[in-house]
Structure formats: C-alpha cells, structure tokens
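# Observations on chain architecture
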Amino acid sequence: MGIKGKTAPWFIIFLALVIILFLANLWYGSVLIPWKDVLWVLTGSDDINEINKVIILDYRLPQAITAIAVGMALSIAGLILQTVFRNPLAGPSVLGISSGASLGVALVVFAGSLFQLELLNSAYIFREISVVAAALIGSFLVLLIIIFISTRISNVVTILIIGIMIGYTVSAIVGVIQFFSRAEELHAYILWGLGSFSKTSISQSVFLLCASLLVTMVVFFYIKGLNALLLGDYYAKSVGVDVKQIQIILIIIAGLLIAIGTVFTGPIAFVGLAIPHLARYFFKTSNHGILIPAVILFGISLTLICNLIAKLPGYDTSLPINAVTSMVGAPIIIWVIVKRGKVKRA
Amino acid sequence: MVLKRIFYFLLAISFFNFHSCQLKPNKSEIESVFESIPDSLLISKVKYAKGFDLYELDKIRKLVLYQPELRENIIATFYIADSLTLSNYYTESENLIVVNQDNVAVFSATQLNAFERLDLLDKVKGISEAKYIISKTIKHKLEKKEIVELATNADLFIEKVITVNPSLIFYSPYRFTNPHPLDAAGIPLIPFYDYFENEPLGRAEWIKFTAVFFDYDDLADSLFNYIEEQYIGYKTLTDDTLIRPTVFSDKYFNGQWYVPGGQSYIAALFKDAGADYLWKDDIHSSSFPLDYEVVYSKAYNADFWRIVGSYGDEPSYEALGSENGLYTNFMAFKDKNVIWCDARKTAYFEKSPLEPHLVLADLIFAFHPELLPAHKPQYYHILK
C-alpha cells in the first residue's frame, strides 16, 4: 500500500533534493556567504563571522523552516480537498477557507477604521496574537459553514460550489472593509496578502513546522479512507468506511493545515492546488500511501525553490513569495489540465 | 416690404456690432504678455524648490509647475491676478485664476498646514481625511461645520464637492491620480506635490506656492526667510565637524526594508545634521526596497538608527525588539542609539515639511549633542 519497490529510490532522491534545497536556502541570498560558513553555523562552531551567523541563523533559517512548514501544510490540504470533493480544482483558496483567514486578518488590520480600535499601533505582541487568532477563527468559521452544509447536502460538487460562493462573499466583505479603511491599514493588509516567508521568527517557524508535522501525521491514519473515497461513496461504504464522518474529519484537518499555512505568511497561492497534480502525474498513481509522502516532499521542494527564486539572483531586494508561487504554480495547473485533456481524447 | 424690413434689421445689427466693438478694450492672450519679456528680466521668486517657478509682472503672477525630477516637462501654468485685471485686459482662458478666492478645498495635509501658518484657514471650506486632522483650529472648524470633509483616502465625495462648490481645489496628485470626475464639475484643480522636493528648504518653499493664490506673498516670503535663516544657521554648526556618526533609517516590513535613497529628503537632512548616511552614494531620490540581510550586513555596526513610527503606548527598545527579533542584532539597538519620531504625536507628516530647521536641530542634537546643549527636541529624540 505504501512506498516500496520502484517508488522507494525516488523518495530517497526527493528527500535528498529537499535537503539540498534547504541548504541552498541557507547559503544563497542577497549577501554572499561562503559554504563553509553555512556548515560551521550548522555545526555550532564559534569560528564564524558574526554578521554571517546572524543572517543565516536569524534570517535565512526561519524562512527555510517556514517554507517547509507551509509547503507541507498547503500541499497536503490541497490533496485532501481534491480527494474529498473529487475535484481536481479543489484547493485551499477554492473552498473559501483562505478567504476566511483573510477576513479575520482584515478585521484586525482594519480595526482602527471599523471599531476605532488602534490595534495596528498597540503593543506588537498583542497585535500579533490578534492576527493569529483572527486568521484561525476566520478559517474555522468558513469551515464550520462548509461542514454544516455538508451534513445537509451530500453532493460534494454542490458543496464545492457553495465553498466558492462563500469565498466570493467573504472577499466582497473584505473589499467593502478595505473601501472604508485608511491608507496605512490598506498598505499593511495588501502586504500581508502578498505573502512572505520572512515574517516569522525562529520560534514561530519551529512552531509552524511542529504544528504542520503533527497534523500531517494524523493524515497518515486516513490513507485507507482517502483511497476509499476516490472510488465513490458506495464502494467506500461497502469496505466499511463511514463516508460522512471521514469527510468531516478530513475537512477539519484540511482547514487546520490551511490556517497553519496562512496565518504568519499570508495566503500562499497555487501550492495547494498544483502539488497534488504533480505528485499524481509523476508517480502515475492515486494511492494515497504514495501520494501523501510524495505531496509532502514535492510541496516542500516547491516552496523552497520559490523562496530561492524570490531572492532574485543578483539583486539586493526580493520578490513577494506569492508572485513567485503563482508564476510557478499556474503554468503547472495549465500543463496538468492540457495533459488530462490529451489523455481523455486518446 | 419684407425685403425692406430685413434690410433695416441687418443694418441695425451691424451698427450694434460696430458700436460694441468700439467699447470693448483690446484684449490679449496672457501668455503673450510674459513671452514678450526677455528671459533675463523674468526672475523666478523661487530659490530652492525644483517643482515650481513663480514670476511676477505688473500685478500678474505666473506659476509654472514642472514634472518632478524632469524640469523640462511643464505640467501646468497658472496666471493669477485680480478679477478686474483679468476680465478687462485678457482673453478668457482656463489657466487664469482670480486671486484671493474665499471658498477653496485643500486635500493635502501639508498644504493645509501652510494655510494655517499663513492665517488663511477662513478661506478653506473643504478638506480630505478629516479623522486624521491633528490641528485644533481645523478640528474646531470641522465641528462647527465651517469646514466639511470632501474626500477620504483616494475617494472624492462628488455630490458633496458640487454642493460646497469650491472655486479652487488644491489636491495631491499622489492620492488623486484620477481626478476626472471633478473636471466634469468645472472646478479648477491645482496640484500640490511638495513631497517630491529632495532638499528640506525646497520642500518648505512650497509655502510661497500656496500664498500666491491669496496675494500673501510677502508673509510667505518672511516666513520662508526665517526658516531659511534658521536652517542655514543650524547647518553651519556641523560644517566643521570631523567626526560624522554613521546612520541608517526605517524598519523592515513584510519582507522588505524600504531605505531612503541617497538623493532623498532624509539623506539631505542627515548630511546637513553632520551624519554619515550609509546609503549616501545611492542614486534614488525616494525610498527603495532592500532585503534584510543587505541592510544588516551594511548597517550592523552603524552608530544611529532613525525611525519614524507610531506606537499606541510608549515606544521602547522592548517594544521594538518584540516587533522583530532581527532588530536586536544592530549595534545602534544594543547601544540604545535609536532616533525616534512618533509621527502621530508630533504631527510629523503634516507639520515637519514647514519646520525643517527644527527637524535639523533635533537631528544635530542627537548626532552631536555638544553643538546644541540647550536644545529641546520637538520631532526626534533618542529612544530611552
């Protein structure tokens, strides 16, 4: 059921790729740092330039860890949603869950204009906690609505469409709030929306990674259920899977992963949508025993690659990560759709 | 019979036309009046500002606005004079402005401050962004509805504007990139962009721009001369300074650190205050984004760090450090040499452009306290 035979060497190769990309993220940046400095920092040696140490440990390392956590969380969330809704275009942003998180953040950022609450200017810690809490509450509210609807309506496509509509409604509410907000708040919100891996401290990034790993581990217990869902409700029931229950559990897991992957970094586009397709295409399987680890490794690789591209070779500045993931992710989606079309015609 | 009537009618019309032509004075194009004067005789009253020129000829002022950073491109030209002069001697034109109008709208906070300093607030009937106004006088006028809000952010309340019907609207092109709805209302729009000036005295000189529309040139000149004298006085203090402490500026925000360019307003202030700005050789005239590691590798051991910010509670090193742990790595942070300005409490963005001498004195006091031992900072102070 899981990784064995021909697929095993590939996983070793991709694991090695992830390690190389992780090290490349530590080595490569606007400031040139020798390889040996990167290795010395990792081995804890004191014989290193203090500036390089700060850049590697306090700046590049949290970014790389955040990229790993977000890549893993969003890709797995995308895989779950695509399987549960049996729709290749389901993803974190499609169900409106990311929009829910955005609404939560918008309410905090625009609190000054809306409720005369100067959260943007309040103590930083308080502001940070309110943003995190608001994003979680926002995504879970949308999720609760989806779950509530899914207990009433059994058709997953209908739920998907309702999810898209909720997303639109929430985005419209955010738009109205933006209209009444002031310039500095708008600026802060737009920047959050652009997404960034560099906003997290080392402790936040480790927290993200642990949370992401923990929730992803739970998904491994549902490999059988996920595979059964792919074959249809009747088959799933016949092999003893409680379809409704497993769908709700998986949607909650996906919601948690999306909240983890959005709260500190802002919504990161296309990772959740594109990675499951890449994994399915590469391993030519829909077995979740292979897909889940593959999606984890592919997701991490993609976000680490995007983070490297965002550092803009030869420039002193960097691009917003969302712009890079969109530029890389959107062509993947188009390519997958074209390929599927060709296969169907053949 | 009918032909005869038509003949008399045409005769009457032609006589009337001839007569009226005789009464009308000989009007001319206002442009040609200035064009007829040799350039050597037309001397602009503007000394430092690069965004506009001001000429005066026989009670008519010619105001020329240039594209920022590209003086060859003229954006607009206005001719300002009293209504009698304009209507009697010059053919009608869109760029003729009657001086001293009583009902104007001002959408730039800095320009509003110039109105207040020139004691011209009674002329202002409309403003934008009322909730951020700090001036007590303007707040009071807002409460009494003598001034109303006509715009917020980048959105104009068109119906309100038409109701108030200001005779002139001074606007900031940065915020209103697309003011065409007002074009339809036929209200003259006067762009105000002092923020493009990179020299502190150049920015302050825009007070002359505001004054010319109200025949307050003399007051503006005397206010500006005072600012100039004070600024140069403070600047002279640092001329012989041998030790120039290094300084960097601003904060990291969402993946980017916007650093003031080497040719910017802030860079000029640092230079005049006797500091060595780390990006002084850069070619940008406004802020530009850099990666944290680039800023850190250059500024980790800088002597001073200048921040304009706004915290609801009292700013402190703890608050700054908790905002972003990366800040604690800078020597200026460790040595407690952060030069802080609370934008909200000091009304920095509204008031400081017309008080560059006070800003300069604050910075000199931070970099070289021995040069101004008795100085009481107004905008910047070293964070305790």
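Attention now goes to the pairing of strand S1 (residues 52–57) of chain B. All names here are of chain B. Pairing of S1 with strand S2 (residues 60–67), which is carried by six bridges, proceeds in the antiparallel orientation. Bridge assignment links Leu-57 to a residue of S2, and that residue is Ile-60. A loop of two residues connects S1 with S2, the two strands running antiparallel in sequence, and Asp-58 in this loop sits at a positive phi of about 50°.

Helix packing for two helices is described by the angle between their axes and how far apart those axes are. Residue and element names in this part refer to chain A. In contact at an axis separation of 8 Å, helix H3 (residues 50–84) and helix H9 (residues 202–220) are set at 25° when each is read in the N-to-C sense. The angle between H3 and H9 falls in the class roughly parallel. Remark: the crossing between H3 and H9 carries left-handed chirality. On the side of H3, the interface is formed by Asp-58, Leu-61, Pro-62, Ile-65, Thr-66, Ile-68, Ala-69, Met-72, Ala-73, Ile-76 and Ile-80, while H9 contributes Ile-202, Ser-205, Val-206, Leu-208, Leu-209, Ser-212, Thr-216 and Val-219. Taken together, the residues of the contact of H3 with H9 break down into 14 nonpolar, four polar and one charged.

Moving on: unusual backbone geometry. All names here are of chain B. In the Ramachandran plot, Glu-129 falls in the positive-phi region, its phi being about 50° despite a non-glycine side chain. Mapping Glu-129 onto the fold places it in the loop between strand S6 (124–128) and helix H5 (136–143). Take Glu-129: there are 17 C-beta atoms within 10 Å of it, and that puts it in the partly exposed class. Even without a glycine there, the phi angle at Lys-145 is positive, about 60°. With respect to the helices and strands, the residue Lys-145 is situated in the loop between H5 and strand S7 (148–152).

Further remarks concern the nonpolar core. Residue and element names in this part refer to chain A. Grouped together as the largest cluster of nonpolar side chains are 198 residues, with contacts concentrated most on Ile-76, Leu-257 and Val-295. Take this core: its biggest share by element is 19 residues, from H3. If near-sequence neighbours (up to four positions away) are discounted, Val-295 is found in contact with Ser-75, Ile-76, Leu-79, Ile-275, Pro-276 and Ala-279.

Residue and element names in this part refer to chain B. Domain boundaries assigned for chain B yield domain 1 (100–192) and domain 2 (238–382). Distance between the C-alpha centres of domain 1 and domain 2: 32 Å. Counting from both sides, the interface comprises six residues of domain 1 and, opposite them, six residues of domain 2. Residues that form the side of domain 1 that touches domain 2 fall into these classes: three nonpolar, two polar and one charged.

What counts as what
Residues numbered from 1 in each chain as written. Chains lettered and ligands numbered in written order. Predicted model: local features only at pLDDT ≥ 70, side-chain atom pairs only at ≥ 80, totals over all residues. Pairing = 2+ DSSP bridges. Helix = DSSP H or I, 4+ residues; strand = E, 2+ residues; numbered from the N terminus. Axes fitted to C-alpha atoms, helices over the stretch in contact; angles between N-to-C directions. Parallel < 35°, antiparallel > 145°, perpendicular 65-115°, else oblique. Left-handed = near helix turned anticlockwise from the far one by under 90°. Contact = placed C-beta atoms within 7 Å. Nonpolar A, V, L, I, M, F, W, Y, C, P; charged D, E, K, R; others polar. Buried ≥ 20, exposed ≤ 12 C-beta atoms within 10 Å, placed from the backbone. Core = buried A, V, L, I, M, F, W, Y, C linked by C-beta atoms within 7 Å. Domains from an automatic or database assignment.

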